[in-house]
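Residue-level listing of the chains:
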Amino acid sequence: MSKPLLSVVITVFNEEENIKPLLDQTYAALEAIDYEVILIEDGSTDGTVREVKKYANERTKLIIFNRNYGQTTALAAGIDMATGTYIATMDGDLQNDPTDLPMMLNKAIDEDWDVVAGRRANRKDGFVLRKIPSKIANWVIRNTTKVYLKDYGCTLRVYKAEIAQGMGLYGELHRFIPVLAKQQGARMTEVDVKHHPRIHGESKYGLSRTFKVMADLILMLFFQKYFQRPIHLFGGIGLMAFLIGILINFYLLILKILGEDIWGRPIMILGFILVLGGIQFITTGIIAEIIVRTYFESQNKKTYTVKSVFQGSTESQHAEIGSLKSEV
């Protein structure tokens, strides 16, 4: 089987009633494209698997998990299985519209974008429970990571395969896929896409995800700034705490020499805590540096990514010499 132009990765969890219209709409939208569809069934407890097997065509693969792992793991599995030159991701709840995929793919090809992200222009979700938390999260992520997209929550995106397969998705980092792509030097743009209200099934998200987003944001900021040099974070904090602690203890030592009673003072306890905490932070930084070096060197990973390599030819050298002669 030849390599398809587009692999469409769709995560589904308890979407039994959505499968038939989802596949029908996807096949119709991609009729003029060489494509494959990869469905990741994330441990559903309803008839999702049965419905996929009933309506899937010859270009569709179904990956069945033995239990529910979450959207990030499901996306990672689908991306790993994809063989297309470009990879698209979308939800299986019919809120994303497959008819946007050809437009996004053409934009990625014609304008040479590494990532084309969807932006839900007229979002059909609840205002209080979905839109407000999403707007707050988008604003926080945008202004802390400096990756300026307006809609981080839209799963509908098209990637160059090498970008998608190099992101390293773990935990619940699917909300930060644009940040992970940016770390690889990806050129990104956003386009308005259609969004539909959920008709069948229930949303898998609630306000509790806000805390997960904030926790993952801390991890993303660490990855952005200190992943390759963690000693700069831990060492900096440790040295500052250690020096402040030393100054406090030196001040107390002077007071003791002058005959004052320093025992039981809160500042003395603070001084000892800062000294010990500073030592622990510095030690943590050193250990983290060793782990990072082991991570790269044991697997022959590089700390850089080469976008492309140009090899000069004899013809190009002759052409350059000829142009110089003509100028003389």
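The structure presented is a predicted model; accordingly, all values stated were derived computationally and were not measured.

A.B. asks: Summarise the packing of helix 1 (residues 19-29) against helix 2 (residues 48-55); cite the residues concerned and give the values.
C.D. replies: The N-to-C vectors of helix 1 and helix 2 enclose an angle of 35°; their axes lie 9 Å apart at closest approach. Every pair of crossing elements has a handedness; the one defined by helix 1 and helix 2 is right-handed. Here Ile19, Lys20, Leu23 and Tyr27 of helix 1 lie close against helix 2, whose contacting residues are Thr48, Glu51, Val52 and Tyr55. The residue inventory of the contact of helix 1 with helix 2, partitioned by class, reads five nonpolar, one polar and two charged.

A.B. asks: Account for a nonpolar patch on the surface, with residues named and values stated.
C.D. replies: Taken together, the side chains of Phe250, Leu253, Ile254, Ile257 and Leu258 make up a nonpolar region of the molecular surface, amounting to roughly 530 Å² of accessible area. Inspection of the secondary structure assignment puts Leu253 in helix 9 (residues 231-257).

A.B. asks: How would you explain the packing of aromatic side chains if you had to name every residue and give the values?
C.D. replies: Across all of its chains, the model carries five aromatic pairs by this definition. Look at Phe65 and Tyr69: their rings are 5.1 Å apart centre to centre, the planes differ by 80°, and that puts the pair in the edge-to-face class. Measuring from ring centre to ring centre gives 6.2 Å for Phe222 and Phe234, while their planes differ by 55°; the resulting arrangement is tilted. Highlighted residues: Phe222 in helix 8 (residues 209-226) and Phe234 in helix 9, separated in sequence by twelve residues. Residue class for Phe222 comes out partly exposed when judged on its relative accessible area of 21%. One aromatic cluster in this structure is built from Phe222, Tyr226, Phe234 and Phe281. Lying across the ring of Tyr35, Arg59 places its NZ or CZ 4.7 Å from the centre. Geometry around Trp113 places Arg187 over its ring, the cationic atom sitting 4.3 Å from the centre.

A.B. asks: Can you tell me about the sheet that holds strand 4 (residues 86-91), naming the residues and giving the values?
C.D. replies: Overall, mixed pairing links the seven strands, which are arranged 3-2-1-4-6-5-7 in an open sheet. Of all strands in the sheet, those with a lone pairing partner are strand 3 (60-64) and strand 7 (188-193), marking the two edges. Sheet twist, expressed as the average angle between the axes of neighbouring strands with direction ignored, equals 20°. Across six bridges, strand 1 (residues 6-12) lies against strand 4 in parallel orientation. By the bridge assignment for strand 4, Val8 is matched with Ala88.

A.B. asks: How would you sum up the confidence of the model for the protein? Please name residues and give values.
C.D. replies: For the protein, per-residue confidence averages 84 on the pLDDT scale, and 85% of positions sit at 70 or higher. Per-element confidence in the protein is highest for helix 4 (residues 101-110), whose mean pLDDT is 96, and lowest for helix 11 (residues 314-327), whose mean pLDDT is 53.

A.B. asks: So what's going on with helix 1? Which residues, and what values?
C.D. replies: All buried positions along helix 1 are accounted for by Ile19, Leu22, Leu23, Thr26, Tyr27 and Ala29. One side of helix 1 holds all its buried residues, which, seen down the axis, span an arc of 165°. Where helix 1 is buried, its residues contact strand 1, strand 2 (35-41), helix 2, strand 3, strand 4 and helix 4.

A.B. asks: Please set out the pattern of salt bridges residue by residue, giving values where relevant.
C.D. replies: Scanning the entire structure with this criterion turns up 15 salt bridges. Among the ionic pairs, Arg229 bridges to Glu289, the shortest N-O distance being 3.1 Å. Here the residue Arg229 occupies a position in the loop between helix 8 and helix 9, and Glu289 occupies one in helix 10 (residues 266-298), the gap between them amounting to 60 residues. Glu289 gets classed as buried once you look at its relative accessible area, which sits at 9%. Connected via shared salt-bridge partners are Glu16, Arg50, Glu51 and Lys54.

A.B. asks: Can you tell me about unusual backbone geometry, naming the residues and giving the values?
C.D. replies: Unusually for a residue other than glycine, Asn14 sits at a positive phi of about 55°. The residue Asn14 is located in the loop between strand 1 and helix 1 in this model. Looking at Asn14, the relative accessible area reads 22%, which means it is partly exposed. Backbone geometry places Lys146, a non-glycine residue, at a positive phi of 65°. Among the structural elements, Lys146 can be located in the loop between helix 5 (127-145) and strand 6 (157-160).

About the criteria used
Numbers given to residues run from 1 along each chain, matching the order in which its sequence is written. At least 70 in pLDDT is required for a residue's local features to be given in this predicted model, at least 80 for side-chain atom pairs to be given and counted, and no such filter applies to totals for whole chains, interfaces and linings, which use all residues. Side-chain numbers here rest on the full set of heavy atoms in the structure, without hydrogens or water. Lines fitted to C-alpha atoms define the axes, with helix axes restricted to the stretch in contact, and inter-axis angles between N-to-C directions lie between 0 and 180 degrees. A helix here means a DSSP run of H or I that spans at least four residues, while a strand means a run of E at least two residues long, and both kinds are numbered starting from the N terminus. By convention the crossing between two helices is left-handed if the near helix lies anticlockwise of the far one by an angle smaller than a right angle, and right-handed if it lies clockwise. Between two residues, a contact is recorded if the distance between any of their heavy atoms is within 4.5 Å. Note on residue classes: Ala, Val, Leu, Ile, Met, Phe, Trp, Tyr, Cys and Pro are nonpolar, Asp, Glu, Lys and Arg are charged, and everything else, Gly too, is polar. Distance thresholds for patches are 9 Å for like charges and 5 Å for nonpolar side chains (Val, Leu, Ile, Met, Phe, Trp, Tyr), applied to residues having over 30% relative accessible area and no salt bridge. Method for areas: the Shrake-Rupley scheme with a 1.4 Å probe, in which residue coverage is limited to the protein chains shown. Throughout this description, the term salt bridge denotes a Lys or Arg side-chain nitrogen within 4 Å of a carboxyl oxygen of Asp or Glu. When two rings of Phe, Tyr or Trp (its six-membered ring) have centres within 6.5 Å they constitute a pair, described as stacked for plane angles under 30 degrees, edge-to-face for angles over 60, and tilted for the intermediate range. Residue exposure (1.4 Å probe, protein chains only): buried if accessible area is under 20% of the type maximum, exposed if over 50%, otherwise partly exposed. We call a charge positioned over a ring when the NZ of a Lys or the CZ of an Arg lies within 6 Å of the ring centre and within 35 degrees of the ring normal. At least two DSSP bridges between two strands are needed for those strands to be called paired. The pLDDT value tells you how sure the predictor is about a given residue, anywhere from 0 up to 100. Think of the arc as the fan of directions from the helix axis to the C-beta atoms.

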